[in-house]
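Chain and residue survey
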Amino acid sequence: MLKTQFALSTIVASLVLAGCASVGPDYQRPQLDVPAKLAVSGATTKTDFVEWWSTFRDPVLLELIQEAAKNNQDLLLAAGRIEEARALAVGAKSNRYPSVDATLSGSKVRTSENAGKLASGANPVSKDFQLGLTASYEVDFWGKLSRADEAAKARLFAQEYNRTTVQTSLFSNLAQSYFALRAADAQLALAQSTYQTRVENLRLQQKRFASGATGELDLHQAESEAAAAEVSVSQAKLAVSNLESAIAVLLGRSPAAVAQPVIARGKDIQALYQHLSLPADLPSDVLNRRPDILAAEQTLIAANADIGQAKAAYFPSLKLTTGIGYESRVFKDLVDPTSLLWNLGANLVQPVFRAGAIGAVVSGAEARKTQATAQYVQAVQGAFRDVHDALSSAESNEQIYRANQKRVKALKDSQRLAELRYKNGYSSYLEVLNAQRDLAAVETALIDTQRAHLSAVVSLYKAVGGGWEVKAISQ
């Protein structure tokens, strides 16, 4: 008997000592080769702001972003996922504490008088009443419950970062759509102006043709150009209409408002372009706060914790149970001191044979960690690629814009000279039309370059997680 007690004491002491550490690997962030700084050319501002949209100084853009932050359905969906993850985290944490239940029960049983179970003259009908508390607690020797708690918290953080990713993407897409709308408005105004010019040219050619001053070829060319300009106006109106409905969806407006969108306008594309700016210095560690990278890392932390939780199944589990209460055959004597009862218990279980089930769970957890590691590395790679592409696009569009400005100036001079040569009879009307077409095409390209440059800068904001300033995210 003494040997048995000593053996049990030794087992319990060993389990207590083993409980000092959790099984499974401790998390370590993957080591990646990253540059110290991100190359920025043409920088104009300090790295001291977060709400990047305020730099464009357009109150309408600010109002649209505020509206989207309140009503966008993707944000509401992300918020719901956070609440779900929070509930799961609370549930995982609760498993680390004892569970206590209050019980109250009553029963009435009639025993067969012919079964030989009753004493002579005993009443076959009996009653039983119970009132008490029961508690159970699993001792977390191997860190199974703490690892589960760690994984649930990491997944909650991941969902919170995912919501930030959704918000960053939403604000970026909204700003880019707004810039595209203002560019489309400018394209529409240019198309309408071109159309009016082509109509005036057609009227002039009709008069000249009627007076015999010009031939039928010039008249038909003028008719063709006027029709082409009318097509451009219709196409520009369609682009504006489609962008308005797209913005209405991003704003989270009602289906009726999406069907008939009314989008406010602020500064025109030229004024917005004047406020375009890039950071003067951009350290690469600014990407450490990019929400999709943070979410990927939290997913990796959760996968790492899952391995420890799975490996804990190899080891013994100890559950403690206790109960205290009252039991009586007569209800009025239920809380009498003589009705008191209590119990203490312990249950130690060591898996012996599971046909590889535990090993399969561990292998699955390790495979998920491998996947999570790859996804984390891909997130970091994607972040640096996004920054590279956004910077390259911004630099390229700036060069294209300057070149197109030179082309516009040159083509305006060419058009003026072509019109003068035509009026003096030194060239055909086709030369005037070519000059007008070339100028209109470059002016259209200039507007599109402004839009693309603005879009590239917004893409850079998005690539670094929504701004330049690094802000700590509390956990």
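Up top you'll find the structure we're talking about.
Residues numbered from 1 in each chain as written. Predicted model: local features only at pLDDT ≥ 70, side-chain atom pairs only at ≥ 80, totals over all residues. Heavy atoms only, no water.

Quick look at the overall build of the chain now. The number of helices and strands found in the chain is 10 helices and four strands. Seen in sequence order, the chain has helices and strands lined up from the N terminus as α-α-α-β-β-α-α-α-α-α-β-β-α-α. For the chain, the residues scored as buried account for 37% of the 475 residues in total. The long-range share in the chain, meaning contacts at least 24 apart out of those at least 6 apart in sequence, stands at 83%. For the chain, the computed accessible surface area is about 26,900 Å², with 55% contributed by carbon and sulfur atoms. (Helix = DSSP H or I, 4+ residues; strand = E, 2+ residues; numbered from the N terminus. Buried < 20%, exposed > 50% of the residue type's maximum accessible area, 1.4 Å probe, protein only. Contact = heavy atoms within 4.5 Å. Areas by Shrake-Rupley, 256 points an atom, 1.4 Å probe, with all protein chains shown as cover.)

This brings us to the nonpolar core. Core analysis: the biggest nonpolar cluster contains 68 residues, and Trp-52, Phe-56, Leu-61, Leu-174, Phe-179, Leu-287 and Leu-454 have the highest contact counts within it. If you list the elements that add at least two residues to this core, you get α2 (59-71), α4 (144-210), α5 (216-250), α7 (269-274), α8 (291-311), α9 (357-423) and α10 (429-463). At 14 residues, the largest contribution of residues to this core is made by α4. Once residues lying within four places of it in the same chain are set aside, the contact partners of Phe-179 are Phe-56, Leu-61, Ile-269, Leu-272, Arg-451, Leu-454 and Val-458. Residues Leu-202, Tyr-429, Val-432 and Ala-435 belong to the second largest nonpolar core, which totals 10 residues. (Core = buried A, V, L, I, M, F, W, Y, C linked by side-chain atoms within 4.5 Å.)

Bringing the environment of Glu-150 into the picture now. Inspection of the secondary structure assignment puts Glu-150 in helix α4. Taking the C-alpha atoms as reference points, Glu-150 and Lys-93, 57 residues apart in sequence, are found 8.7 Å from one another. Dropping the residues within four chain positions of it, Glu-150 is found in contact with Ile-301 and Ala-305.

Attention shifts here to the pairing of strand β3 (residues 317-328). Relative to β3, strand β2 (residues 125-139) runs antiparallel, the two sharing 11 bridges. Residue pairing in the sheet places Leu-133 in a bridge with Ile-324 of β3. (Pairing = 2+ DSSP bridges.)

Moving on, we come to the packing of α5 against α10. Relative orientation of the contacting elements α5 and α10 amounts to 15°, with a least axis distance of 10 Å. In terms of orientation, α5 lies roughly parallel with respect to α10. Note on packing geometry: the crossing formed by α5 with α10 is left-handed. In contact with Asp-218, Gln-221, Ala-222 and Glu-225 of α5, α10 contributes Tyr-429, Leu-430, Leu-433 and Arg-437. Split by residue class, the contact of α5 with α10 holds four nonpolar, one polar and three charged. (Axes fitted to C-alpha atoms, helices over the stretch in contact; angles between N-to-C directions. Parallel < 35°, antiparallel > 145°, perpendicular 65-115°, else oblique. Left-handed = near helix turned anticlockwise from the far one by under 90°. Nonpolar A, V, L, I, M, F, W, Y, C, P; charged D, E, K, R; others polar.)

Bringing the sheet that holds strand β1 (residues 99-110) into the picture now. With antiparallel pairing, the four strands of this open sheet are ordered in space as β1-β2-β3-β4. At either end of the open sheet lies a strand with only one pairing partner, and these are β1 and β4 (340-349). Strand-to-strand twist in this sheet, taken as the mean axis angle between neighbours without regard to direction, amounts to 20°.

With that settled, consider unusual backbone geometry. Of note, Arg-57 is a non-glycine position whose phi angle comes to about 55°, a positive value. Position of Arg-57 among the secondary structure elements: in the loop between α1 (2-18) and α2. The phi dihedral of Ala-355 falls on the positive side, at around 55°, and the residue is not glycine. Mapped onto the secondary structure, Ala-355 falls in the loop between β4 and α9. Judged by its relative accessible area of 64%, Ala-355 is exposed.

Turning next to the packing of aromatic side chains. The final tally for this structure, using the stated rule, is eight aromatic pairs. Considering the side-chain rings of Trp-52 and Tyr-461, the 5.0 Å spacing of their centres and the 15° angle between planes classify their relative orientation as stacked. Of this pair, Trp-52 sits in the loop between α1 and α2 while Tyr-461 is found in helix α10, placing the two residues 409 residues apart along the sequence. With centroids separated by 4.5 Å and ring planes inclined at 45°, the aromatic side chains of Tyr-273 and Tyr-401 adopt a geometry described as tilted. Highlighted residues: Tyr-273 in helix α7 and Tyr-401 in helix α9, separated in sequence by 128 residues. Like Tyr-401, Tyr-273 is buried. The structure contains a cluster of three or more aromatic residues connected by ring pairs, namely Trp-52, Trp-53, Phe-171 and Tyr-461. (Phe/Tyr/Trp six-rings, centres within 6.5 Å; stacked < 30°, edge-to-face > 60°.)

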